[in-house]
Amino acid sequence: MDTQSMISLFDAIVILYGIYCIYSAKKMIETKKPPAFLVNPGELVGARDVAGFCAEIYKPLIIFGVIAIAYGIFNIASEYIQIHYMISLASILVFLGLCIWFVRLLRVLKNKYF
């Protein structure tokens with residue numbers, strides 16, 4: 001498998017993860033239980049306000065999912081269209097910034113609600 005195929009595979013995984021984030025957010029709002037990839041089920045024992053956590057992480061999780069999908073689609077499209085390397089670099093930096101933002105927000109909300 002060449003490098004380009006590996007990058008396409010990674011982008012496809014990012015797209016699927018974005019879809020899973022959106023699906024999990026919708027399900028979380030219905031069930032009032034956070035998905036296991038956000039909160040370890042052991043952390044739910046003795047939690048102060050699980051429903052409040054779900055309500056507060058819902059929109060950021062949707063945003064994270066949508067931007068992950070957009071990032072994956074952009075990178076797959078950039079393989080077929082000549083895009084300046086600075087635009088590609090900017091997309092990577094935006095995605096990494098989003099990941100850092102989401103992880104920090106998740107940590108803050110866990111400390112607040114658990």
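Below is a short write-up of the structure.

So, how was this worked out
- Residues numbered from 1 in each chain as written.
- Predicted model: local features only at pLDDT ≥ 70, side-chain atom pairs only at ≥ 80, totals over all residues.
- Heavy atoms only, no water.
- Axes fitted to C-alpha atoms, helices over the stretch in contact; angles between N-to-C directions.
- Helix = DSSP H or I, 4+ residues; strand = E, 2+ residues; numbered from the N terminus.
- Parallel < 35°, antiparallel > 145°, perpendicular 65-115°, else oblique.
- Left-handed = near helix turned anticlockwise from the far one by under 90°.
- Nonpolar A, V, L, I, M, F, W, Y, C, P; charged D, E, K, R; others polar.
- Salt bridge = Lys/Arg side-chain N within 4 Å of Asp/Glu carboxyl O.
- Buried < 20%, exposed > 50% of the residue type's maximum accessible area, 1.4 Å probe, protein only.
- Phe/Tyr/Trp six-rings, centres within 6.5 Å; stacked < 30°, edge-to-face > 60°.

Packing of helix α1 (residues 3-31) against helix α2 (residues 50-80) brings their axes to within 8 Å, and their N-to-C directions diverge by 155 degrees. Between α1 and α2, the angle is such that the two are roughly antiparallel. Considering how the two elements wind past one another, α1 and α2 form a crossing that is left-handed. Of the residues belonging to the contact of α1 with α2, the class tally is 25 nonpolar, seven polar and three charged.

Bringing the pattern of salt bridges into the picture now. Taken as a whole, this structure holds two salt bridges when the rule is applied. Close ionic contact of Glu-43 with Lys-110 constitutes a salt bridge, the shortest N to O distance being 3.4 Å. Separated by 67 residues along the polypeptide, Glu-43 in the loop between α1 and α2 and Lys-110 in helix α3 (residues 85-113) bring together distant segments of the chain. Of the charged contacts in the structure, one is a salt bridge between Glu-56 and Lys-112, with a shortest N-O distance of 3.3 Å. Of the two residues, Glu-56 sits in helix α2 while Lys-112 sits in helix α3, which places them 56 residues apart along the sequence. Accessibility expressed as a relative area gives 33% for Glu-56, which makes it partly exposed.

This brings us to the packing of aromatic side chains. All chains considered together, the criterion is met by eight aromatic pairs. Measuring from ring centre to ring centre gives 6.3 Å for Phe-53 and Tyr-113, while their planes differ by 70 degrees; the resulting arrangement is edge-to-face. Within this pair, whereas Phe-53 is found in helix α2, its partner Tyr-113 is found in helix α3, the two being separated by 60 residues in sequence. Across the pair, exposure class does not vary: Phe-53 and Tyr-113 are buried alike. Taken together, the ring pairs connect Tyr-17, Tyr-20, Phe-37, Phe-64, Trp-101 and Phe-102 into an aromatic cluster.

This part takes up the environment of Val-94. Within the element layout of this structure, Val-94 appears in helix α3. Look at Val-94 and you get exposed, because its relative accessible area is 53%.

As a further point, take the packing of α2 against α3. For the pair α2 and α3, interaxial distance at closest approach is 10 Å and the crossing angle is 165 degrees. Classified by the interaxial angle, the pair formed by α2 and α3 is roughly antiparallel. Once α2 is placed against α3, the crossing between them reads as left-handed. Looking at the contact of α2 with α3, its residues break down into 20 nonpolar, four polar and three charged.

Before going further, it helps to spend a moment on unusual backbone geometry. Here Lys-32, not a glycine, exhibits a phi torsion of approximately 60 degrees, which is positive. Relative to the helices and strands, Lys-32 is located in the loop between α1 and α2.

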